[in-house]
Amino acid sequence: MRRFREGRVGVAVVAVAAAAAIGIALAASQAQGRDAEQTTFQLRADIVSRFVATYAAELLHKEQVAATAQLSGTPPDLVAFAAVNDAFGFPAVVLLDANGDALAVDPPTPGLIGKNLSGRYSHLATATDGHQAVSNLALSAALGRPVVAFATPFTTPAGQRVYSGAYEVAATPLAEYLVSAIPYGARAYLIDAKGDIVTSTAKLDETAIHLLAAEDSGLAKAIASGPQGTFQEGAPTYFAMRAVAGTPWRVAVSVPTATLYAALSGPALWVPWVLFALFVLGLVVALVLFLRYMVSKDRLAGLNVELDRVARIDSLTGLHNRRHMDEQILTLLSAARRHETPVGFVLIDVDHFKRVNDTAGHAAGDRVLEETARRLRTLVRAEDVIGRWGGEEFLVLMPGTAASAATRTADRLCASMAATPIDLGRTSFTVTVSIGVSSGTTPSADDLLNAADQALYQAKREGRNRAVNGGEVAIVALDADRVTSGAPSRH
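From a predicted model like this one, the values you see are computed outputs, not experimental measurements.

So, how was this worked out
- Residues numbered from 1 in each chain as written.
- Predicted model: local features only at pLDDT ≥ 70, side-chain atom pairs only at ≥ 80, totals over all residues.
- Heavy atoms only, no water.
- Phe/Tyr/Trp six-rings, centres within 6.5 Å; stacked < 30°, edge-to-face > 60°.
- Helix = DSSP H or I, 4+ residues; strand = E, 2+ residues; numbered from the N terminus.
- Buried < 20%, exposed > 50% of the residue type's maximum accessible area, 1.4 Å probe, protein only.
- Core = buried A, V, L, I, M, F, W, Y, C linked by side-chain atoms within 4.5 Å.
- Salt bridge = Lys/Arg side-chain N within 4 Å of Asp/Glu carboxyl O.
- Contact = heavy atoms within 4.5 Å.
- Pairing = 2+ DSSP bridges.
- Axes fitted to C-alpha atoms, helices over the stretch in contact; angles between N-to-C directions.
- 1 Å grid on protein atoms, 1.4 Å probe; cavity = no way out; pocket = protein on both sides within 12 Å on 5 of 7 lines; lining within 4 Å.
- Points joined across faces, edges and corners; volume = space filled by probe spheres on them.
- Nonpolar A, V, L, I, M, F, W, Y, C, P; charged D, E, K, R; others polar.

(A) Quick look at the packing of aromatic side chains. Summed over the entire model, instances satisfying the criterion amount to 9 aromatic pairs. Ring geometry for F81 and Y163: centres 6.4 Å apart, planes at 80 degrees, overall edge-to-face. Highlighted residues: F81 in helix 2 (residues 78-88) and Y163 in strand 6 (residues 159-167), separated in sequence by 82 residues. According to the relative accessible area criterion, Y163 is buried, its value standing at 0%. Judged by centre distance (6.1 Å) and plane angle (85 degrees), the ring pair of F150 and W249 falls under edge-to-face. With F150 in strand 5 (residues 146-156) and W249 in the loop between strand 10 (235-243) and strand 11 (250-256), this pair connects stretches of sequence that are 99 residues apart. For W249, a relative accessible area of 1% puts it in the buried group. In this structure an aromatic cluster arises from ring pairing among F81, F88, F90, F150, Y163, Y167 and W249.

See below:
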């Protein structure tokens, strides 16, 4: 009997110890789960800040390349100035000399020509000193709406100049990206150094400047104390703040902790942990095998991702290939129908390409295609999609662009190709292109491609080295004699 009682005590002690161990494990698991949710939320803020920084850096680079190529003349070519501005879609632009004096202004403001503007705006002063700069939010006098400016210096035979364009952030992918990048119904803001809201997930009047402290006072106070943490605003709220590299901006996001930790609540999640505690010893071997399997699976998944990326890129030009462009066409046309905005199709064909191959060899032909792709990149906007459509054909998809605006971009490409011969080592070729343009909101991909293709044929018939506007395509299908693949040669 004594041994029986001692045995029961021993069993009870073991049971209590096991229960305590399970309780401690569960409590630790809950704490680790909260830490993991916080880390994931912080990571999303990191990703948003890097995306915005990359967008700004790429836009500044495109500005610098385009300005160097088109605005280095003495005096600057005002027609080229207007064309570059139109290509970027900037509603307001200035061109300064090395001293910060205005050489050109768009919209035209004669009273500003020759005036020193670098002393009025800090981002222009920074650019005049030789550094790229992004501005804080400001109310545009010309537009009556908040804008931010991107200023870049560039070198010319006449000395350094500065090109600076202003954007409405609502007209860029930044606003839409901010909404899609932060889940949970969280609030997200992109703010400048003064605390003004550049863009946000909140519905705000886009004609006015809003201060974060006025719209979300709790978050404004919290980000002044550190990069992440919890603050009380009715209910406990978790926040994260990250600086955007290369700009005076910051990303600030917040979410109620009840929402953030929702997946960790409820007794239903305790049962798997109890079962895990009871069977953990028996599962050790299976876990080891599973981990080995997962390592192999992760490696295979990584290889598949890389193979998919390679499968979407043209190895010669580095542009998107036909497969990826087909997918982008469907995506952009779907968005165009939802938002009732047109998509411009710009179909480009290198003139007499066979003559280059026959005269200088296929290596020279490859060099021509690479240089055509490079010039294309410098002339289109950040949101445009460029791809090699096949052989010596290229396709540019321009969301939110009517045929007339897309044709202006096509004219600039024709001029750029014809103006500068392509160096092929021992020789050089002046290569021209023929371009067909179409645009529409509701037509099918085949309708738009056929319209651009017919316009391209017309450009060839009229003597090449030109762009032809195929116009806005109606919803009724065209009477076309060509489908989207297998077109005859136009060399």
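(B) Layout of the nonpolar core. In terms of nonpolar packing, the biggest core is built from 45 residues, with F41, L71, F150, Y163, W249 and V253 touching the most fellow members. Looking at which element gives the most residues to this core, the answer is helix 1 (residues 2-70), with 11 residues. Within the second largest apolar cluster, 31 residues are counted, among which are I348, V350, A364 and I435.

(C) Examining the pattern of salt bridges more closely. Inspection of the entire model under this criterion finds 15 salt bridges. Connected via shared salt-bridge partners are R367, E371, R374 and R375.

(D) Here's a closer look at the environment of E206. With respect to the helices and strands, E206 occurs in the loop between strand 8 (197-200) and helix 5 (212-215). The exposure class assigned to E206 is partly exposed, which follows from its relative accessible area of 46%. Linking E206 and P146, residues 60 residues apart in sequence, is a C-alpha distance of 7.2 Å. Leaving out residues up to four positions away in the same chain, E206 has contacts with R145, P146 and A170.

(E) Geometry of the sheet that holds strand 13 (residues 385-390). Ordered by their spatial adjacency, 5 strands build an open sheet running 13-14-12-17-18, and the pairing between neighbours is mixed. For this open sheet the edge positions go to strand 13 and strand 18 (466-472), each flanked by a neighbour on one side alone. When strand polarity is set aside, the average angle formed by the axes of neighbouring strands in this sheet is 20 degrees. For strand 12 (residues 343-350) and strand 14 (residues 393-399), the ladder comprises 7 bridges, and the chain directions are antiparallel.

(F) Region of the structure containing empty space enclosed by the protein. Within the structure shown, the criterion is met by 2 cavities of 30 Å³ or more. Of the volumes computed, that of the largest cavity is approximately 80 Å³. Contributing to the lining of the largest cavity are A66, Q70, A83, V84, A87, F88, T378, L379, V380, R381 and R412. At the level of elements, helix 1, helix 2 and helix 11 (362-379) are the ones that each hand at least two residues to the lining of the largest cavity. Of all the elements, helix 2 adds the most residues to the lining of the largest cavity, at 4 residues. Looking at side-chain class alone, the lining of the largest cavity contains 7 nonpolar, 2 polar and 2 charged residues. If you trace the second largest cavity, you find it lined by V346, I348, L376, L379, V380, T409, A410 and L413. Put simply, the parts of the chain that give the lining of the second largest cavity at least two residues each are strand 12, helix 11 and helix 12 (403-419). Here the element with the most residues in the lining of the second largest cavity is helix 12; it accounts for 3 residues. Taken together, the residues of the lining of the second largest cavity sort by class into 7 nonpolar, 1 polar and no charged.

(G) Representation of the layout of surface pockets. Its boundaries defined by the atoms lining it, the second largest pocket holds a volume of some 640 Å³. A92, V94, Y121, V147 and A166 are the residues nearest the centre of the second largest pocket, which is lined by 29 residues in total. The set of elements that each furnish at least two residues to the lining of the second largest pocket consists of strand 1 (92-96), strand 2 (102-106), helix 3 (122-128), strand 4 (138-139), strand 5 and strand 6. The class makeup of the residues in the lining of the second largest pocket is 18 nonpolar, 8 polar and 3 charged.

(H) Structural detail: the pairing of strand 2. Judged from the 4 bridges that link them, strand 1 and strand 2 form a sheet pairing that is antiparallel. Considered in strand 2, the bridge of L96 is made with A102. Counted along the chain from strand 1 to the antiparallel partner strand 2, the turn is 5 residues long, and its residue G100 has a positive phi close to 90 degrees.

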